[in-house]
Amino acid sequence: MANSDPIPRDQAPPSDSEETNGADEISEEGEEEEDTEYEEFEEEEEELDPVRERERLKSIFRRLSTDPVHVRVHDVVIKGNTKTKDAIIEAEISDLFKKPRTVQELVAAASIANARLKQLDVFDSVSITLDAGPAELPGTTNVVIEVVEASNPLTGNVGVFSKPEARSWSLEGSLKLKNLFGHADIWDTSGAFGWDQSLEIGTGVWVPRFKSVPTPLSARAFLLSQDWLKFSSYKERLMGLNFGLLSTNNHDLSYNLTWRTLTDPTRMSSPSIRRQLGHNVLSALKYCYKIDRRDSHLRPKSGYAFSSTSQVSGLWDLRGLKFFRQEFDLRAAMPLGFWNAALNVGLSAGAIFPLGRNFTKLSTSVPDRFFLGGHSSLVCSLGGPSSLLGFQTRGLGPNDMRRVLNLNKDEGSSVQSDCHDFVGGDLAVTAFADVSFDLPLKIFRDAGIHGHAFVCAGNLAKLSEGEIRNFSTERFLKTFRSSAGVGVILPTKFFRVEVNYCHVLKQFENDHGKNGIQFSFSSPL
């Protein structure tokens, strides 16, 4: 045992072990005298502790990054959920912690579990900690999941949005009530009113898990009114129910039961539109498969994406619309190796066929046909043929002359409208190529603002009402409309803004194509 007498100040400090033992003995004997030299040494030791701790952590990280460290999950502990049911959280993460056998695999599983719980949108924060398991079970760990439930379950937003392709504005708002019954259920009500007399009101509920059903379920009632008088001489009103039956990362299955009404208050519609005015029932099952392996939705530089959407209408033998509709969309992106440039290409196709006897002679519903034009982004939109820059919304394809308006019946004079109703196509094909590149100024590169050049083409054809007999592949390819242009892209967190100059390369009589500046606001979702 070391000597308990005080150490003279003129002597050098002893070794670490001697210093510690001496300090312990002085403390045990209750001596009040403080040694200045001991204090200085203890301060140096405290300064070294963080250094040793960092070295120890570095050693652990090196081991984790090079060698697998075997571990087994002993228990999963959930904390902080005062309202949310344990079963809801367990259902989201239970499958993730059964397979990991190493710390590396467990950390990856914890990261996925964290993302899944945040996607429920009912927690303000989620933290997952790996704690040591029971002492009697070496090589085990406890996964501690601590959540903070939303402090305010009621959220809402309101805004004014522009639609450049339709030259209109709309006032939109929504209200959400989260986790009302503790099942991570989200109840929402939304509404939109457009200056062009369009109206949309909807209310519904979304539940991530319901009893033994492994996928989210949703139900929604809606009322939608749209004004297509400018383009196709009719107004459309939809009222019905939508049920989400299956929803995963790649698959989506839903059922729609809708009462649809088409009207023409101007009484100027073409014969093709007038024949479809009135009421119809839409009972349809819709399935969508989507895979997106692109590195970015706003500015893809590599990867690919594919979507396929199938819709069958006329279920349950209801007296309503009966048709089959199919869409495909394929995208690919590849880097070019200079100026941070990338090439994006896309090909989309869609077709709709009536169901029933002598289906080639039957007609398809105008609102369910394909229309091209508008200012939607070529790169962001994924889901089928629709966008064709340089052309107005519903600005090309099959059309029909509007009716003659008699101004003076006594004199027999009449004026014929010089406008046409675009009635859509049963077959649609579009393709595009887009090259994005950095702008020379550093301030633009730092903000993500970049330029692009594009060329796009597309066409529509009518196949119903016996027109399939007159269809010619050669003629269809020769009548493709096309445009090209350049622009500047301003990506934001929520949408992509494009300012483009478009030049129409090819259009035909009655098409509404125009050269000039066009603005586009597109969501990547």
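Naming follows an unreviewed UniProt entry, where the protein chain appears as POTRA domain-containing protein of Rhynchospora pubera. Its UniProt record, at the heading Sequence similarities (unreviewed entry), says of the protein chain: "Belongs to the SAM50/omp85 family."

## A short note on the overall build of the protein chain
If you tally the helices and strands in the protein chain, you get eight helices and 23 strands. The burial tally for the protein chain puts 38% of its 525 residues in the buried class. Considering only residue pairs separated by 6 or more positions, the protein chain has 57% of its internal contacts joining residues 24 or more positions apart. Taken as a whole, the protein chain presents about 29,800 Å² of accessible surface, with 57% of it coming from carbon and sulfur.

## Section: the confidence of the model for the protein chain
Scored by pLDDT, the protein chain has a mean of 82; 82% of the residues are at 70 or more. Counting contacts from residues 1-46, a segment whose pLDDT is below 50, to residues more than four positions away or on other chains yields 28 contacts. pLDDT under 50 marks residues 409-417. Its contacts with residues more than four places away, or in other chains, come to 16 contacts.

## Concerning helix 3 (residues 86-93)
Those residues of helix 3 that fall on the buried side of the exposure criterion are Ile88, Ile89, Glu92 and Ile93. Down the axis of helix 3, the buried side of the element spans an arc of 115 degrees, and every buried residue falls inside it. Each element contacted by the buried residues of helix 3 is listed here: strand 1 (72-79), helix 4 (103-119), strand 2 (123-132) and strand 3 (140-149).

## Considerations on the nonpolar core
By size, the foremost hydrophobic cluster in this structure holds 22 residues, and its most contacted members are Ile93, Phe97, Leu117, Phe123 and Ile145. Those elements that place two or more of their residues in this core are strand 1, helix 3, helix 4, strand 2 and strand 3. Discounting chain neighbours no more than four positions away, the residues touching Leu117 are Ile89, Glu92, Ile93, Phe123, Val126 and Ile145. One finds Ile352, Leu378, Phe432 and Leu460 within the second-largest nonpolar core, a separate group that totals 20 residues.

## So, the pattern of salt bridges
Counted under the stated rule, the structure contains 15 salt bridges. Taking the shortest distance from any N to any O, the salt bridge between Asp446 and Lys442 comes out at 2.8 Å. On the criterion of helical spacing, the pair formed by Asp446 and Lys442 is a turn pair, its members being four residues apart in helix 7 (residues 442-447). No difference in accessibility class separates Asp446 from Lys442, as the two residues are exposed. Residues Glu474 and Lys478 are paired through a salt bridge, measuring 3.2 Å at the closest nitrogen-oxygen approach. Placement of both Glu474 and Lys478 in helix 8 (residues 473-478) is noted, with a separation of four residues, approximately one turn of the helix. Overall, Lys478 belongs to the exposed group, its relative accessible area being 52%. Each of Glu236, Arg260 and Asp368 takes part in salt bridges that share partners, so that together they form one network.

## Considering the side chain of Gln518
Looking at where Gln518 falls in the secondary structure, it is placed in strand 23 (residues 516-522). You can call Gln518 buried: its relative accessible area is 9%. With residues up to four places along the chain from it excluded, the contact list for Gln518 reads His375, Leu389, Gly390, Phe391, Glu498, Val499, Asn500 and Cys502.

## Comments concerning empty space enclosed by the protein
The method is simple in principle: a probe with the dimensions of a water molecule rolls over the atoms, and the space it marks as empty is what remains. Overall, the coordinates contain four cavities of 30 Å³ or more when judged by the stated rule. Taken as a whole, the largest cavity holds about 110 Å³ of empty space. Around the largest cavity, the lining comprises 17 residues; the ones closest to its centre are Arg331, Ser348, Ser387, Thr430 and Phe432. Here the residues of the lining of the largest cavity sort into eight nonpolar, eight polar and one charged. Taken as a whole, the second largest cavity spans an internal volume of roughly 60 Å³.

## Considering a nonpolar patch on the surface
Taken together, the side chains of Val312, Phe324, Phe353, Leu355, Phe359 and Leu362 define a hydrophobic patch exposed on the protein surface, amounting to about 450 Å² of accessible area. As for its placement among the helices and strands, Val312 is situated in strand 12 (residues 303-313). Look at Val312 and you get partly exposed, because its relative accessible area is 31%.

## Considerations on the pairing of strand 7 (residues 199-207)
Side-chain direction in a regular strand flips from residue to residue, so the side chains alternate between the two faces of the sheet. Note that strand 6 (residues 186-194) and strand 7 share eight bridges and pair antiparallel. Its bridge partner lying in strand 7, Ile186 is registered against Trp206. Here strand 7 pairs with strand 8 (residues 217-227) via nine bridges, running antiparallel. Among the inter-strand pairings, Thr203 is bridged to a residue of strand 8, identified as Ala221.

The rules behind the values
- Residues numbered from 1 in each chain as written.
- Predicted model: local features only at pLDDT ≥ 70, side-chain atom pairs only at ≥ 80, totals over all residues.
- Heavy atoms only, no water.
- UniProt positions renumbered as here; feature names shortened; annotations may be inferred.
- Helix = DSSP H or I, 4+ residues; strand = E, 2+ residues; numbered from the N terminus.
- Buried < 20%, exposed > 50% of the residue type's maximum accessible area, 1.4 Å probe, protein only.
- Contact = heavy atoms within 4.5 Å.
- Areas by Shrake-Rupley, 256 points an atom, 1.4 Å probe, with all protein chains shown as cover.
- pLDDT = per-residue confidence, 0-100.
- Arc of directions from axis to C-beta.
- Core = buried A, V, L, I, M, F, W, Y, C linked by side-chain atoms within 4.5 Å.
- Salt bridge = Lys/Arg side-chain N within 4 Å of Asp/Glu carboxyl O.
- 1 Å grid on protein atoms, 1.4 Å probe; cavity = no way out; pocket = protein on both sides within 12 Å on 5 of 7 lines; lining within 4 Å.
- Points joined across faces, edges and corners; volume = space filled by probe spheres on them.
- Nonpolar A, V, L, I, M, F, W, Y, C, P; charged D, E, K, R; others polar.
- Patch = residues over 30% accessible without salt bridge, like charges linked within 9 Å, V, L, I, M, F, W, Y side chains within 5 Å.
- Pairing = 2+ DSSP bridges.

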